[in-house]
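The primary structure of each chain is shown beneath.
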Amino acid sequence: MIYRVIVTLPRRAQATLGILCAFLLGGILGLAWWWRRHRSANQPVAPLGRVRVALIAAGLLTITVGVAWRIDADIQAVPTCAPHGVVQAASRRGGFDAWLLTQQVATAPETGIGLLYGRAFDAHICLSSSSDYYVSVPSSVAGTRATNLGDIVLSPGFAHLSREDLTTLAGHEARHRPQWAVATIIGGPLAFPVAYAVDDFFFPGSRNHFERLAGLESGGYRHSGTGPELGPAQLAALGVVATAIVFGLYRVVHRRQSSRTCSPDIRSDPT
């Protein structure tokens, strides 16, 4: 049904919808990809297949749900983070901060999904007033110690921390927020998790560049070096990437040579 509606839209409406989807799902890189695909004004908008339309619809639905849940959390009163058993009224940092507002808007979908996850598992959710950052304390997070999603961290370990330790750790996690925001603006909501995973694959633990920027000491990391760890898995991955690059360059050169060979030799007819 969605596929048929998109196909029957006017050309201008399809272009506008394509630009919106490209930016929401792929950020600036998504816009660049869309422009490259439709850079000619006279070129017709190529129809998308059913699978792509379904994936785009699922992505937009997830973003919509996340943004809606983030707005709902901002409207409702969320208690301020305090030691276990102490309840305080919500309070945010005073004053207007344009950069903070930009981070919160850019990471609204991811934050909303984190808030929804916490609500689904009846987790305690609070607001760290020192960093204006949400903290969710579920019983577990897929077996991990902590999971950062834009403007919220989900961690069972926050349940029994002192006020000072909770403020320190929340501050560390809040420093990942601008990383999420910048990556989302550049490459969409999935850009930061992918970049973090790749970095952590070659620079695990305290070697991770994102963790070092957020502060190793405040995050509970012990410094163990800065260089990459090149084990069998990392070397194999580098080999696959190198092979893919060589193959891609070969394809590009081969296509250019084929296009030159197949193009007609047009010469002026002397008079």
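What you see is a predicted model; the values in this text were computed from it and never measured.

*Asks:* When you look at the packing of helix α4 (residues 98–106) against helix α7 (residues 177–187) in this model, what are you seeing that I'm missing?
*Replies:* Think of two packed helices as two axes; the pair is described by the angle between the axes and how far apart they sit. At a minimum axis separation of 9 Å, α4 and α7 run at an interaxial angle of 65 degrees. Seen along the crossing, α4 lies across α7 with a hand that is left-handed. Of α7, the residues touching α4 (which contributes Trp-99, Leu-100, Gln-103, Gln-104 and Ala-106) are Arg-177, Pro-178, Ala-181, Val-182, Thr-184 and Ile-185. Class assignment for the residues of the contact of α4 with α7 results in seven nonpolar, three polar and one charged.

*Asks:* What exactly am I supposed to notice about the state of the cysteines here?
*Replies:* Disulfide: a covalent bond connecting the sulfur atoms of a pair of cysteines. Counted according to the given criterion, the structure contains one disulfide. Across the disulfide from Cys-81 sits Cys-126; the S-S distance is 2.1 Å. As the torsion about the S-S bond is roughly 90 degrees, the Cys-81-Cys-126 disulfide counts as right-handed. Of the two residues, Cys-81 is situated in the loop between α3 (50–75) and α4 and Cys-126 in strand β1 (residues 124–128); the sequence distance between them amounts to 45 residues.

*Asks:* Please clarify how a nonpolar patch on the surface should be interpreted in this entry.
*Replies:* A surface patch of nonpolar side chains, amounting to about 840 Å² of accessible area, comprises Leu-20, Phe-23, Leu-24, Leu-25, Ile-28, Leu-29, Trp-99, Val-182, Ile-185 and Ile-186. Those elements giving two or more residues to the nonpolar patch turn out to be α2 (11–37) and α7. Among the elements that make up the nonpolar patch, the one with the highest residue count is α2 (six residues). Relative to the assigned elements, Leu-25 resides in helix α2. For Leu-25, a relative accessible area of 31% gives the class partly exposed.

So, how was this worked out
- Residues numbered from 1 in each chain as written.
- Predicted model: local features only at pLDDT ≥ 70, side-chain atom pairs only at ≥ 80, totals over all residues.
- Heavy atoms only, no water.
- Axes fitted to C-alpha atoms, helices over the stretch in contact; angles between N-to-C directions.
- Helix = DSSP H or I, 4+ residues; strand = E, 2+ residues; numbered from the N terminus.
- Left-handed = near helix turned anticlockwise from the far one by under 90°.
- Contact = heavy atoms within 4.5 Å.
- Nonpolar A, V, L, I, M, F, W, Y, C, P; charged D, E, K, R; others polar.
- Disulfide = S-S within 2.5 Å.
- Patch = residues over 30% accessible without salt bridge, like charges linked within 9 Å, V, L, I, M, F, W, Y side chains within 5 Å.
- Areas by Shrake-Rupley, 256 points an atom, 1.4 Å probe, with all protein chains shown as cover.
- Salt bridge = Lys/Arg side-chain N within 4 Å of Asp/Glu carboxyl O.
- Buried < 20%, exposed > 50% of the residue type's maximum accessible area, 1.4 Å probe, protein only.

That's the geometry; what it means functionally is another story.
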